[in-house]
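Structure assessment
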Amino acid sequence: MKEVVIIGGGYAGIYALRELVKNKNIKITLIDKHTYHNLQPEVYDLIANKSNFADVTIDLTTLCMGFNHNHLQFKNLKVRKIDKQKKKIYTEEKEIVDFDYLIMAAGTRTFFPPQIPGLNNADDIKKLHRAIDFKQSFEKQLFEKIRDEAKQCADTHIVVVGAGLSGVEIAAEMAYYSNKFFQRGNFSCDNLKISLISSSASILPGLTQQLINISQERLKSLGINIITSTKLEKVEDGYCYFSNGTKVNHSFVIFTGGVEASTLTKELNVGTNNRGQLIVNKYMQVIEHENIFAVGDIAEIRNNKDEVMPPNVTIARISGTLAGKNVLKSIEGKSLIKTNPKLDGILIALGGEYAAGNLFGVFHVKGKIAYFIKKYVFHSYRKPLLKLIKSGYNRFRKM
């Protein structure tokens, strides 16, 4: 019986798993250092109190049980070494996992440039536990503001460094949430400030000018201070120092300036780009290793025009699904399927029931209609997974 291992229970890994379970005669092992699938694009709703922990996670144990595959198992392990020749995975827990086929789906992490002193203290809200810590710290500071407002009204300043999708969305949600908080309570100490810092000439570099304009207008209406063409140089003594010679006091620093691939890519000792992403061919195979595939953010994925595709949920779906299908085809001795990833569009949450988007590269939407389209896309992904974990939970209770 062939053994297929997926490392990483994120979007790409789950899409690959959904294909693999169609073959009931292979052994499948999903490995992740976390026990849950983090629905990362929705974590900003968690911080803004629009959802709770259960809304932004999928339990991997009950998910795997819900697939009702006799040879599928989830292992909560930390991978430390991968031996390509012996086809063995070594873990921190001293457990060894064998594989015939391996799908790398371990994703990326926030890259903190080592040349920026003090940045290691910034909040990395892409990690769920750090997002929860930030949420609690932020709410505590709001409480202290209203508790002490008759005596003093201390400034609260959130500095978001990085004005790509993540930076724009978190800044918008935090601004909307805090504005509503102070309006609802009619508190006098409502001097919370949010600054969004972009090293580029605009926010959302690489997106259409119309989408940039819509987003910028929305951010300014929420009271967000946008600073462009400026780089963070150091964080020290409660201040952020910038390349334009200014310094800004801060209560919190959130860094969303860039990503790098999981350190597991170094263990494979194969071709990577300057961000550590694995270079794959048109079948999603790691170069020179037909039995190892890489999907989602951990891979450098190109379309037919040789353009590098941006790391997002759409590319995770396309690459994960294709890798799952190609592993099955390889096992069956059939020809593999080539990839030509295309983006369906992009949707950006901009606080409350407001979003902006570009659909199929053809037309733009904004406001509530864009928000409800974004929610529909999310629920379309989450709903079948909820059905699976419910089924898996019921199976688990009967054991």
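The shown structure was predicted, so the numbers you read here are calculated from the model rather than taken from an experiment.

**Re the sheet that holds strand S6 (residues 79–83)**
Ordered in space as S6-S7-S8, the three strands form an open sheet in which the pairing is antiparallel. Every other strand in the sheet has two partners, leaving S6 and strand S8 (96–98) as the edge strands with one partner each. Taken pair by pair, the neighbouring strands of this sheet meet at an average axis angle of 20°, ignoring direction. Looking at chain direction, strand S7 (residues 88–91) and S8 are connected through three bridges and run antiparallel. Bridging across to S8, Tyr90 finds its partner in Ile96.

**With respect to a nonpolar patch on the surface**
Taken together, the side chains of Phe360, Val362 and Phe363 define a hydrophobic patch exposed on the protein surface, amounting to about 340 Å² of accessible area. If you trace the backbone, Val362 turns up in the loop between strand S23 (355–359) and strand S24 (363–367). Judged by relative accessible area, Val362 falls into the exposed class, the value being 62%.

**Describing helix H4 (residues 128–147)**
A rise of 1.5 Å per residue sets the reference length of H4, with its 20 residues, at 28 Å; its end C-alpha atoms lie 29 Å apart and thus fit the reference within 8%. Residues Leu128, Ala131, Phe134, Lys135, Phe138, Leu142 and Lys145 constitute the buried set of H4. Take H4 and look down its axis: the buried residues cluster within an arc of 115°, on one side only. Looking at H4, the residues exposed on the side facing more than 90 degrees away from the buried face are Lys140 and Arg147.

**What about the sheet that holds strand S12 (residues 192–197)?**
The parallel open sheet is built from four strands, whose spatial order is S13-S12-S11-S17. Bordering the open sheet on either side are strand S13 (225–227) and strand S17 (252–255), each of which pairs with just one other strand. Taking each pair of neighbouring strands and ignoring which way they run, the sheet shows an average axis angle of 20°. Relative to S17, strand S11 (residues 156–161) runs parallel, the two sharing four bridges. Counted as the bridge partner of Val161 is Phe255 from S17. Across the sheet, H4 is in contact with S11, S12 and S17; its angle to S17 comes to roughly 155°.

**A word on the pairing of S24**
Regular strands place their side chains on alternate faces of the sheet. Here S23 runs beside S24; their pairing, made up of five bridges, is antiparallel. Residue Asn358 lies in a different strand from S24, and its bridge partner there is His364.

**Quick notes on the pattern of salt bridges**
Enumeration according to the criterion identifies 15 salt bridges in this entry. We note a salt bridge from Glu19 to Lys22, for which the minimum N-O separation is 3.0 Å. Note on Glu19: relative accessible area 11%, which makes it buried. Assessed through its relative accessible area of 57%, Lys22 is described here as exposed.

**Comments concerning the domain arrangement of the chain**
The domain architecture assigned to the chain consists of domain 1 (2–33 + 77–110 + 259–343) and domain 2 (119–255). Domain 1 and domain 2 are separated by 35 Å when their C-alpha centres are compared.

**Structural notes on the packing of helix H1 (residues 11–20) against helix H8 (residues 313–331)**
Where H1 meets H8, the closest approach of the two axes is 7 Å, and the angle between their N-to-C directions is 35°. Pair H1 / H8 crosses with right-handed handedness. Touching Tyr11, Ala12, Tyr15, Ala16, Glu19 and Leu20 of H1 are Val313, Ala316, Arg317, Gly320, Thr321, Gly324, Lys325, Val327 and Leu328, all from H8. For the contact of H1 with H8, the class distribution of residues is nine nonpolar, three polar and three charged.

So, how was this worked out
Residues numbered from 1 in each chain as written. Predicted model: local features only at pLDDT ≥ 70, side-chain atom pairs only at ≥ 80, totals over all residues. Heavy atoms only, no water. Pairing = 2+ DSSP bridges. Helix = DSSP H or I, 4+ residues; strand = E, 2+ residues; numbered from the N terminus. Axes fitted to C-alpha atoms, helices over the stretch in contact; angles between N-to-C directions. Patch = residues over 30% accessible without salt bridge, like charges linked within 9 Å, V, L, I, M, F, W, Y side chains within 5 Å. Areas by Shrake-Rupley, 256 points an atom, 1.4 Å probe, with all protein chains shown as cover. Salt bridge = Lys/Arg side-chain N within 4 Å of Asp/Glu carboxyl O. Buried < 20%, exposed > 50% of the residue type's maximum accessible area, 1.4 Å probe, protein only. Expected span 1.5 Å × (residues − 1). Arc of directions from axis to C-beta. Contact = heavy atoms within 4.5 Å. Domains from an automatic or database assignment. Left-handed = near helix turned anticlockwise from the far one by under 90°. Nonpolar A, V, L, I, M, F, W, Y, C, P; charged D, E, K, R; others polar.

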